[in-house]
Amino acid sequence: MADLVITAANVVAGTGTPTKTGVAGAAIAAGDIVYLDTATTGKWQLADSDAATADARGKTGNIGVALNSAAANQPIVVQTEGPITLGAVLTAGTAYYLSDTPGKLCPVADITGGDYYTLVGLAASTTVLNVDFQYSGVASP
């Protein structure tokens, strides 16, 4: 398998889901997994399962799914939990994880040596992901 292919124009937050706002620290597409870099820039950056820092892998809880596309230094809205239509084809009941491709999602089979397991959520249907970030702190062998 490979990273999910997300159509940014089709990313839609579930009704009443919690969001955070801020400034993009890089080019971000709707549907990308992002984290708030509180240590250096104070901006939302692309999350990455094999990043050097635990924060970039989702440890702090300042992690979510971008709801809009943004260039660096533009405003961004991030969904932190709950149902989201991703604009991607999902397999209902499947768990999706943070990929080692910055900002992307993958199934567990794609977590490879040195990547950290960060659960993003479970697919409720072929279009909706129930976002519930879980940082394990464990790297794959």
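Located above this text is the structure these notes cover.
Residues numbered from 1 in each chain as written. Predicted model: local features only at pLDDT ≥ 70, side-chain atom pairs only at ≥ 80, totals over all residues. Heavy atoms only, no water.

A.B. asks: Sorry if this is basic, but what is going on with the overall build of the chain here?
C.D. replies: Scanning the chain for helices and strands turns up 0 helices and 11 strands. Secondary structure of the chain in N-to-C order comes out as β-β-β-β-β-β-β-β-β-β-β. For 141 residues, the compact-globule estimate of 2.2 N^0.38 gives 14 Å, and the chain sits close to it at 13 Å. When the backbone C-alpha atoms are referred to their principal axes, the chain occupies close to 35 × 35 × 20 Å. A fraction of 62% describes how many contacts in the chain between residues 6 or more apart in sequence connect residues 24 or more apart. Accessible area of the chain: about 6,300 Å², with a carbon and sulfur share of 56%. Separation of charge centres in the chain, based on 5 positive and 11 negative side chains, amounts to 8 Å. (Helix = DSSP H or I, 4+ residues; strand = E, 2+ residues; numbered from the N terminus. Rg over C-alpha atoms; globule rule 2.2 N^0.38 Å. Contact = heavy atoms within 4.5 Å. Areas by Shrake-Rupley, 256 points an atom, 1.4 Å probe, with all protein chains shown as cover. Lys, Arg positive; Asp, Glu negative; His and termini not counted. Charge placed at Lys NZ, Arg CZ, Asp CG, Glu CD.)

A.B. asks: In this structure, what is going on with the sheet that holds strand 6 (residues 75-79)? I would like to understand it.
C.D. replies: In a beta sheet, neighbouring strands are held together by backbone hydrogen bonds and run either parallel or antiparallel to one another. Spatial strand order, 2-6-5-3-4: 5 strands in an open sheet with antiparallel pairing. Of all strands in the sheet, those bounded by a partner on one side alone are strand 2 (19-23) and strand 4 (44-46). On average, each strand axis in the sheet is inclined to that of its neighbour by 45°, with strand direction left out of account. Alignment of strand 3 (residues 33-36) against strand 5 (residues 63-66), held across 3 bridges, turns out to be antiparallel. Bridge pairing links I33 to V65 in strand 5. (Pairing = 2+ DSSP bridges. Axes fitted to C-alpha atoms, helices over the stretch in contact; angles between N-to-C directions.)

A.B. asks: What am I meant to see in unusual backbone geometry here?
C.D. replies: Outside of glycine, negative phi angles account for most residues, and trans bonds account for most peptide bonds. Its identity as a non-glycine residue notwithstanding, N73 has a phi of 75°, on the positive side. Here N73 lies in the loop between strand 5 and strand 6.

A.B. asks: Can you walk me through the side chain of S49 in this structure?
C.D. replies: Turning to its location among the elements, S49 is positioned in the loop between strand 4 and strand 5. A polar atom in the side chain of S49 sits 3.2 Å from the backbone nitrogen of D100. Not counting residues within four places of it along the chain, the set of residues in contact with S49 comprises R57, L98, S99, D100, G114, D115 and Y116. (Polar contact = N/O pair within 3.5 Å; in protein donor to acceptor, adjacent residues only side chain to side chain.)

A.B. asks: Sorry if this is basic, but what is going on with the sheet that holds strand 11 (residues 128-139) here?
C.D. replies: The sheet built from 6 strands is open, its strands ordered 1-7-11-10-8-9 with antiparallel pairing. Unpaired on one side and paired on the other, strand 1 (12-13) and strand 9 (105-107) mark the two borders of the sheet. Bridge analysis of strand 1 against strand 7 (residues 82-85) gives 2 bridges, and the strand direction is antiparallel. Each residue of the ladder has a partner; that of A13, found in strand 7, is I84.

A.B. asks: So what exactly am I meant to see when it comes to the packing of aromatic side chains here?
C.D. replies: The full count for this structure, using the stated rule, is 1 aromatic pair. Judged by centre distance (6.4 Å) and plane angle (75°), the rings of Y97 and Y117 are edge-to-face. Of this pair, Y97 sits in strand 8 (residues 95-98) while Y117 sits in strand 10 (residues 116-123), placing them 20 residues apart in sequence. Over the face of the ring belonging to Y116 we find R57, whose NZ or CZ atom lies 3.7 Å from the ring centre. (Phe/Tyr/Trp six-rings, centres within 6.5 Å; stacked < 30°, edge-to-face > 60°. Lys NZ or Arg CZ within 6 Å of the ring centre and 35° of its normal.)

A.B. asks: Would you explain the pairing of strand 5 in this entry?
C.D. replies: Where strand 5 lies against strand 6, 2 bridges are found, and the strand directions are antiparallel. Pairing of V65 across the sheet is with Q79, part of strand 6.

Take it as geometry only, folks, not as evidence of what the structure does.
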